[in-house]
Amino acid sequence: MRLAIRPLIFSSQIHNQPTFPPLQQLSSDLQHYINSTTPKHGQKIHTHIIKTGFLPNTNISIKLLILHLKSGCLSYSQQVFDELPQRTLSAYNYLISGYLKAGKVEQMVCLVRKLVSDGEWPDGFTFSMILKACTSVSNAMFLKDLERVVHGLIVKSLVEPDDVLYTALVDAYVKSRNVGYGRRVFEMMMEQNVICSTSMISGYMNQGNTEEAEHVFWKTNVKDIVVYNAMIEGYSKKAETALKGLQLYVDMQRANFQPNISTFASVIGACSILGDFVFGQQVQTQLLKTEFYANIKMGSALLDMYAKCGNTDDARRIFNFMSEKNVFTWTSMIDGYGKNGHPVEALDLFRNMQSSHVEPNYVTFLGALSACGHAGLVNEGRGIFESMERDYSMKPRMEHYACMVDMLGRVGRLNEAWDFIMKMDEKPSSDVWAALVSCCNVHGDVEMARIAANELFKLGRDCRPGAYVSLSNTFAAAENWDSVSELRETMKVKGILKNTACSAIG
């Protein structure tokens, strides 16, 4: 289909016959629109070219291709490309880049194949774009192992890898979880730039390999805020390393790097894991002096931190102060109330959330159901559970079913809990059966505990060692010592060990 765009009337017209300015001026006019903030206005030049039958040379055609790409008209760019008398590597690269930016990765890869079949060979720019496509999450299966294929082609080609290409290759390997291959490329680089270092650190941290991440970090001579953030974020994900994250946060500022919103989010997360609200208060004081304090992400993070540290009053003060709240803000506060023994406040807030027309998510419902369970509000909990699918078209997940079983079992309605499980649309998970076993232990129902535990054990040898202990305790409470001995012998035969307990003093 030909373009249908407003025609351009050039000022140089003789006897009402449209004429063209010299090629140099035409090229300059196109470049002007390409560089402008309104490239679409330049499309009228192409309309005029089509109407007059003028045949542009390769240079003009490529500029038209770029113009349409800048205007967001990928189909017009493809049309110009298809009509090129000779398709150059630069024309291929521009169109490949356009498809990549539009997220059309499959079409982009097809175009690369066409480039090769036309006798052209990808250059460094082509390879870097293919590698960027490899990091596309939505195309992960389609592009599986493509980064290794590209790496092989780079090695076989005459392309001299530069920092840009090496960086793209390292990033592609890391994001496809081939961190080992990424490290080999990283070590080959003449100058290991901070971007590559950050990719490597993120890759190692995602694998839980903090030692290698630290090795790369300390080898990075020129550091920036991004590489510090990668380390702090990685540390903040686990309780074992969260304290290192807080220390690095201090060291970073001593090195004259000011924290940004990503830094604050990670550090507050580390305080949440450690339960260190004192350090969290210091971070909040710092945050107050920045432009980030009013950010909804920061407010939600602080609220969550105080709630996880057991300080629901401060969490609620932050919640009330926030001018903007999203579903995560409401959910964090509801969950915080529920887990800190304030089920009534959690349910009140859940109702306020609904009346404020904020749609709950799966985690919100889990928090509300848990609060009902702790408060013994079975009827209200059942109503919330049923509203998930009825009012919000959200099919309950296994954790919601487990919460309902726990809620019924807590108040001794074990037969109702059993009937509830039997009426489930899906096969009950280990969470569901474990909840019933636990409740049977509390209320001393030995027979139901035995049946529920057997269903649980069928799901796998390693499934819920605690369930064996809970069942053993149920037998012991009923003074059924033969069953206790039999169960413990079964645990020995199957190699099931009770989880080691620990305590903290201080």
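Each value, and the rule that gives it
- Residues numbered from 1 in each chain as written.
- Predicted model: local features only at pLDDT ≥ 70, side-chain atom pairs only at ≥ 80, totals over all residues.
- Heavy atoms only, no water.
- Helix = DSSP H or I, 4+ residues; strand = E, 2+ residues; numbered from the N terminus.
- Buried < 20%, exposed > 50% of the residue type's maximum accessible area, 1.4 Å probe, protein only.
- Contact = heavy atoms within 4.5 Å.
- Areas by Shrake-Rupley, 256 points an atom, 1.4 Å probe, with all protein chains shown as cover.
- Salt bridge = Lys/Arg side-chain N within 4 Å of Asp/Glu carboxyl O.

Caption draft 1: Spatial organisation of the overall build of the chain. A count of helical and extended segments in the chain gives 28 helices and 2 strands. Across the 506 residues that make up the chain, the buried fraction comes to 47%. Here the analysis covers contacts within the chain between residues at least 6 apart in sequence; of these, 61% occur between residues at least 24 apart. About 26900 Å² of surface is accessible on the chain, with carbon and sulfur atoms providing 52% of the total.

Caption draft 2: Local environment of unusual backbone geometry. Its identity as a non-glycine residue notwithstanding, arginine 177 has a phi of 70°, on the positive side. With respect to the helices and strands, arginine 177 occurs in the loop between helix 9 (163-175) and helix 10 (179-188). Notably, histidine 357 is not glycine yet its phi reads approximately 60°, a positive angle. Here histidine 357 shows up in the loop between helix 20 (343-355) and helix 21 (362-375). We classify histidine 357 as exposed; its relative accessible area is 77%.

Caption draft 3: Quick look at the pattern of salt bridges. One pass over the full model with this rule turns up 17 salt bridges. Here aspartate 171 ties to lysine 175 by a salt bridge, and the two come within 3.2 Å at their closest N and O atoms. Note that aspartate 171 and lysine 175 are positioned in helix 9 at a spacing of 4 residues, about one turn of the helix. On the basis of relative accessible area, lysine 175 is assigned to the exposed category, the value being 53%. With its nearest N and O atoms 3.2 Å apart, the salt bridge here joins lysine 339 to aspartate 335. On the criterion of helical spacing, the pair formed by lysine 339 and aspartate 335 is a turn pair, its members being 4 residues apart in helix 19 (residues 327-339). The network of salt bridges with shared partners includes Arg183, Glu187, Glu212 and Lys219.

Take it as geometry only, folks, not as evidence of what the structure does.
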